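# A structural walkthrough
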Amino acid sequence: MLLEIDNLTLLYGRIQALHGISLTVAEGEIVALIGANGAGKTTTMRAISGLRPVAAGSIRFDGTDVTKMRADLRVIRGIGQSPEGRGVFPGMTVHENLEMGAYTRRDKAGIAEDLEMVYGLFPRLLERRKQPGGTLSGGEQQMLAVGRAMMTRPRLLLLDEPSMGLAPKLIQQIFEIITRINEQGTTILLVEQNAQQALSRAHRGYVLETGRIVKEGSGQELLTDPAVKEAYLGVA
Ligand code: ATP
């Protein structure tokens, strides 16, 4: 397993956001984590990337226990994140934002290669490479955040709500790009409100409810599960 989370508990002060969740992501997979607002999806991502300390449980990445490792060291190990709410640097150009993604790297040739790869995935970013990040549309900023995470050359890419706030056409496009990134060899853990799209793209998925995993299965199993359909896919 590339990622193994075992019995993870996380607290915000006295609020318990995660109640002992366990999940795995195998190399090469797209795994979707779905759930309602406040279920703990973003919190799970923060725990994996090291932005929040955990109270109990463990996180193993590629066989190493990273539960207490600093966030920047996890990036170097290969955990890349595109955070919810985008976090693009508004005053830097698109190109500079992408270069920032590679700040932990020293392999110039590899960085140049990956810039080309990101511009290939997102031609729109290439067109706007000299434009300040803050002047991009919401959808373009979302692409830039994903592109910047790709610049860390992650083995595991954590995507938090990549479709949030996008027009339907762009939602389709961003999911197609996610599939392409995966086909090119990057393992993906995807948090999404858009359960329909996420599950149809994912190999496997987990359903999170109030800090607990209540269901897991293949993307197809979850898509056709009556309870999942009713709660998350808007069909009774
Ligand atoms: P959303 O889709 O709305 O972002 P989510 O599934 O990502 O939801 P989380 O953001 O992980 O949910 O939140 C899980 C729980 O932890 C919620 O009850 C939330 O109110 C609480 N929470 C999140 N961040 C904090 C914080 N910084 N301080 C206190 N409580 C928090």
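Residues numbered from 1 in each chain as written. Predicted model: local features only at pLDDT ≥ 70, side-chain atom pairs only at ≥ 80, totals over all residues. Heavy atoms only, no water.

To keep things clear, this is the line we draw: UniProt positions are given in the numbering used here, feature names are shortened, and annotations may be inferred rather than shown by experiment.
An unreviewed UniProt entry lists the protein under the name Amino acid/amide ABC transporter ATP-binding protein 2 (HAAT family), from Micromonospora pisi. Quoted verbatim from the Sequence similarities (unreviewed entry) field of UniProt, the annotation for the protein is "Belongs to the ABC transporter superfamily."

## Quick look at the overall build of the protein
Applicable threshold: The helix count covers DSSP runs of H or I at least four residues long, the strand count covers runs of E at least two residues long, and both are numbered beginning at the N terminus. It is over C-alpha atoms that the radius of gyration is taken, and the globule rule equals 2.2 Å times the number of residues to the power 0.38. Throughout, exposure labels follow a simple rule: accessible area from a 1.4 Å probe, protein chains only, divided by the maximum for the residue type, with under 20% read as buried, over 50% as exposed, and the rest as partly exposed.
Counting its secondary structure elements, the protein contains 10 helices and 10 strands. The C-alpha radius of gyration computed for the protein amounts to 17 Å, which stays within 12% of the reference 18 Å derived for 236 residues, consistent with globular compactness. Counting only C-alpha atoms and orienting by the principal axes, one finds that the protein spans roughly 45 × 40 × 30 Å. Burial statistics for the protein: of 236 residues in total, 50% are counted as buried.

## Regarding the sheet that holds strand β3 (residues 30–34)
Counted only if it meets this: A pair of strands is treated as paired once DSSP finds two or more bridges between them. Axes, fitted as lines to C-alpha atoms, cover a helix only where it is in contact. Angles between the N-to-C directions of the axes lie from 0 to 180 degrees. Whether two residues are in contact is decided by their heavy atoms, any of which lying within 4.5 Å being enough.
One open sheet holds the 6 strands; their spatial order is β6-β7-β8-β3-β9-β10, and the pairing between them is mixed. Each edge of the open sheet is held by one strand with a lone partner, namely β6 (79–82) and β10 (212–218). Taken over all neighbouring pairs, the strand axes of this sheet differ in orientation by 15 degrees on average, direction set aside. Against the sheet, helix α6 (residues 138–150) touches β6 and β7 (156–160), its axis set at about 170 degrees to β6. Contacts from helix α7 (residues 168–183) reach β3, β7 and β8 (187–192), with the element oriented near 155 degrees to β8.

## Here's the deal with the site of the ligand
Let me state the cut-off plainly: Neighbouring residues are identified by heavy atoms, a residue being near a molecule or strand if any of them is within 4 Å of it. Two N or O atoms form a polar contact when they lie within 3.5 Å of each other; inside protein one atom must be a possible hydrogen donor and the other a possible acceptor, and for residues adjacent in sequence the pair counts only when both atoms belong to side chains. Here the accessible surface of atoms and residues is derived via Shrake-Rupley with a 1.4 Å probe, and residues count as covered only by protein chains that are part of the display. Here the nonpolar group is Ala, Val, Leu, Ile, Met, Phe, Trp, Tyr, Cys and Pro; Asp, Glu, Lys and Arg are the charged ones; every other residue, Gly included, is treated as polar.
Contacts to the ligand come from 14 residues, most closely from Gly38, Gly40, Lys41, Thr42 and Thr43. At a separation of 3.2 Å, an oxygen atom of the ligand approaches a polar side-chain atom of asparagine 37. A distance of 3.1 Å separates an oxygen atom of the ligand from a polar backbone atom of alanine 39. When isolated, the ligand has an accessible area of 630 Å², and the protein chains bury 64% of it. Tallying contributions element by element places helix α1 (residues 41–49) first for the shell around the ligand, with 4 residues. Per-class residue counts for the shell around the ligand are 4 nonpolar, 6 polar and 4 charged.

## Details of the nonpolar core
Which entries qualify depends on this criterion: To qualify as a nonpolar core, a set must consist of buried Ala, Val, Leu, Ile, Met, Phe, Trp, Tyr and Cys residues joined through side-chain atoms within 4.5 Å.
Judged by nonpolar contacts, the single largest core of 42 residues is most densely connected at Phe122, Leu125, Ile181, Ile188, Leu190 and Val228. Top contributing element to this core by residue count: α7, with 6 residues. Among the nonpolar cores identified, the runner-up in size contains 27 residues, and Leu8, Leu10, Leu18 and Val25 belong to it.

## Quick word on α1
Residues separated by three or four positions in an α-helix point in the same direction, a consequence of the helix having 3.6 residues per turn. The buried fraction of α1 is high, at 8 of 9 residues. The set of residues buried in α1 consists of Lys41, Thr42, Thr43, Thr44, Met45, Ala47, Ile48 and Ser49. Just downstream of α1 lies glycine 50, where phi reads positive at about 90 degrees.

## So, the side chain of threonine 43
Among the structural elements, threonine 43 can be located in helix α1. Setting aside anything within four residues of it in sequence, one finds threonine 43 in contact with Leu10, Tyr12, Ala17 and Leu18.

## Looking at the pairing of β7
Moving residue by residue along a regular strand, the side chains alternate between the two faces of the sheet. The line we're drawing: With the strands aimed away from the viewer, a crossover counts as right-handed if its path from the first strand over the helix to the second runs clockwise.
The buried fraction of β7 amounts to 5 of the 5 residues, a majority that puts the element mostly inside the structure. The alternating pattern of β7 places Leu156, Leu158 and Asp160 and Leu157 and Leu159 on opposite faces, both of which are buried. Pairing geometry for β6 and β7, over 4 bridges, is parallel. Note on β7: the bridge partner recorded for isoleucine 79 is leucine 156. The sheet contact formed by β7 and β8 spans 5 bridges and is parallel. Pairing of leucine 158 across the sheet is with leucine 189, part of β8. At this point the chain moves from β7, through α7, to the parallel β8, and the crossover so formed is right-handed.

## Observations concerning the pattern of salt bridges
Stated precisely, the cut-off is as follows: In the sections that follow, a salt bridge refers to a side-chain nitrogen of Lys or Arg positioned within 4 Å of a carboxyl oxygen of Asp or Glu.
A complete count under the given rule lists 12 salt bridges for this structure. With its nearest N and O atoms 2.8 Å apart, the salt bridge here joins aspartate 72 to arginine 70. The partly exposed category is assigned to aspartate 72, whose relative accessible area is 30%. When the shortest N-O distance is used, the salt bridge between lysine 215 and aspartate 225 registers 3.2 Å. Of this pair, lysine 215 sits in strand β10 while aspartate 225 sits in the loop between α9 (219–224) and α10 (226–232); the two residues are 10 residues apart in sequence, bridging distant segments of the chain. Assessed through its relative accessible area of 18%, aspartate 225 is described here as buried. Three or more residues are tied together by salt bridges with common partners; here these are Arg105, Asp107, Glu113, Asp114 and Arg153.

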